[in-house]
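# Secondary and tertiary structure notes
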Amino acid sequence: MKHIIIGAGIVGASTAYHLAIKGEEVLIVDRKDSGQATRAAAGIICPWLTNRTNKSWYHLVIEGARYYPFLIKDLEKLGLTNTGYEQVGAINIFDTEEKLERKMKVALERRQQSPEMGEIKKLTPAQTKALFPPVADHYRALHISGAAKVNGEAVSQTLLSAAEMYGAVFNEGEVQLVNDEKGHTGVLVDGERKEADQVIVTNGAWAKQLFASYGLNTNVTYEKAQIVHLQVPEKDTDSWPVMLPPFNHYMLTFSDGKLLIGATKENREDFETDVTMGAVHQLLNKALKVAPSLAEAAYIETKVGFRPFTPGSLPVIGRVPGLENVWMANGLGASGLTSGPYVGSILASLAAGEKIEFNLADYDPAKAFDKNPQTH
């Protein structure tokens with residue numbers, strides 16, 4: 001087997017797809033653990049309004065957002081239309097004109113580098129409410145037409161389906177890293193040895209476990225994220241824009257009145273997927289402050305996922321130092337659905353021996369390990 005990919009979240013699925021369309025032989029292995037971030041997540045593709053100042057992180061997420069429409073078009077050409085991606089725009093709401101004006105300035109500056117942001121305009125409270133009916137009457141908004149929403153499970157499954165159309169094989173199973181007689185790294189899948197020219201590790205929060213069993217100590221951490229799903233009385237919700245309130249939560253909608261509120265950020269050292277009332281309260285409390293009519297919505301469920309992080313909250317992408325044939329990407333955190341497909345395309349090019357234009361100097365996997373791993 002030429003390439004074995006461990007982990008079928010958004011990055012692994014994208015890597016598999018991009019390798020498969022190059023004609024490469026691919027096996028994807030995933031344990032389907034509860035709490036996989038991609039499958040629990042609903043993504044907002046609107047990185048341009050961020051308050052984060054890390055330039056390397058920002059460069060990666062805007063390239064991720066820029067890449068989506070091209071990827072979706074290619075998938076649709078294959079007849080795969082249930083991508084979970086839809087460009088519905090986003091509104092960033094504010095309670096004063098002054099705050100709105102400040103963000104407008106930032107948005108206009110950033111559009112010079114990112115024309116895909118589309119039209120940027122200020123909305124009155126009445127216009128804001130017309131676009132997102134549950135919002136309180138006094139909020140005005142900044143509208144970004146190029147923003148999109150994406151269902152993590154749908155887009156990753158579509159990428160896997162596309163990869164399989166080009167010959168990739170998916171296995172559900174337990175994976176371990178092992179050495180072959182030449183000192184190359186291979187894998188055991190449910191105890192059965194699989195040799196690979198390249199091993200690509202994209203298993204997110206579970207990377208620490210995988211590498212520990214191989215004698216390597218990573219400093220990949222993760223946080224638990226809970227997302228509340230509600231049913232609102234309105235049914236024509238599919239076209240509502242993503243709503244970004246003036247704090248670190250969001251609301252987005254899908255069809256037939258489904259509305260999501262996310263997400264908590266909880267530091268954890270276990271993989272406990274229980275829904276906690278403190279988290280539900282936190283999300284609903286903030287949501288009702290900006291959209292009081294959601295008090296009439298029905299509660300459906302809360303989904304739980306584990307977002308992986310690497311030091312400095314900056315992703316790592318590239319070859320694992322000391323291991324000749326092992327590649328990894330990790331640490332995408334809350335921006336995983338924004339940058340994941342693009343990161344997968346980079347990993348695929350690297351594993352296929354192609355040159356890439358993206359400068360990976362700031363994303364060195366060495367920083368994901370306590371010390372540089374040595375060849376085993």
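Thresholds applied
- Residues numbered from 1 in each chain as written.
- Predicted model: local features only at pLDDT ≥ 70, side-chain atom pairs only at ≥ 80, totals over all residues.
- Heavy atoms only, no water.
- Core = buried A, V, L, I, M, F, W, Y, C linked by side-chain atoms within 4.5 Å.
- Buried < 20%, exposed > 50% of the residue type's maximum accessible area, 1.4 Å probe, protein only.
- Helix = DSSP H or I, 4+ residues; strand = E, 2+ residues; numbered from the N terminus.
- Contact = heavy atoms within 4.5 Å.
- Pairing = 2+ DSSP bridges.
- Axes fitted to C-alpha atoms, helices over the stretch in contact; angles between N-to-C directions.

## Some thoughts on the nonpolar core
If you look at the biggest cluster of nonpolar residues, it comprises 75 residues, and the most contacted ones within it are W48 and L142. Tallying contributions element by element places helix α3 (residues 55-77) first for this core, with eleven residues. Those residues within four positions of W48 in sequence are excluded, and the remaining contacts are Y58, I62, A65, R110, S114, E116, M117, I144, G146 and A147. Residues I4, V29, L216 and M328 belong to the second largest nonpolar core, which totals 24 residues.

## Focus on the sheet that holds strand β21 (residues 326-330)
Ordered by their spatial adjacency, six strands build an open sheet running β9-β2-β1-β13-β21-β20, and the pairing between neighbours is mixed. In this open sheet, the two strands that pair with only one neighbour each are β9 (169-172) and β20 (316-319). Each adjacent strand pair in this sheet contributes to an overall mean axis angle of 15°, direction not counted. Across three bridges, the pairing between strand β13 (residues 198-201) and β21 is parallel. Among the inter-strand pairings, V201 is bridged to a residue of β21, identified as M328. Relative to the sheet, helix α9 (residues 336-351) contacts β1 (3-6), β13, β20 and β21, its axis offset from that of β21 by approximately 170°.

## Description of unusual backbone geometry
Going from G262 to A263, the amide bond is cis rather than trans, its omega being -20°. Note on placement: A263 falls in the loop between β17 (258-262) and β18 (266-267). One non-glycine residue, K32, lies in positive phi territory at about 55°. Locating K32 in the fold gives a position in the loop between β2 (26-30) and α2 (37-40). Taking relative accessible area as the criterion, K32 reaches 47% and is therefore assigned partly exposed.

These results come straight from atomic positions and should not be treated as a statement about function.
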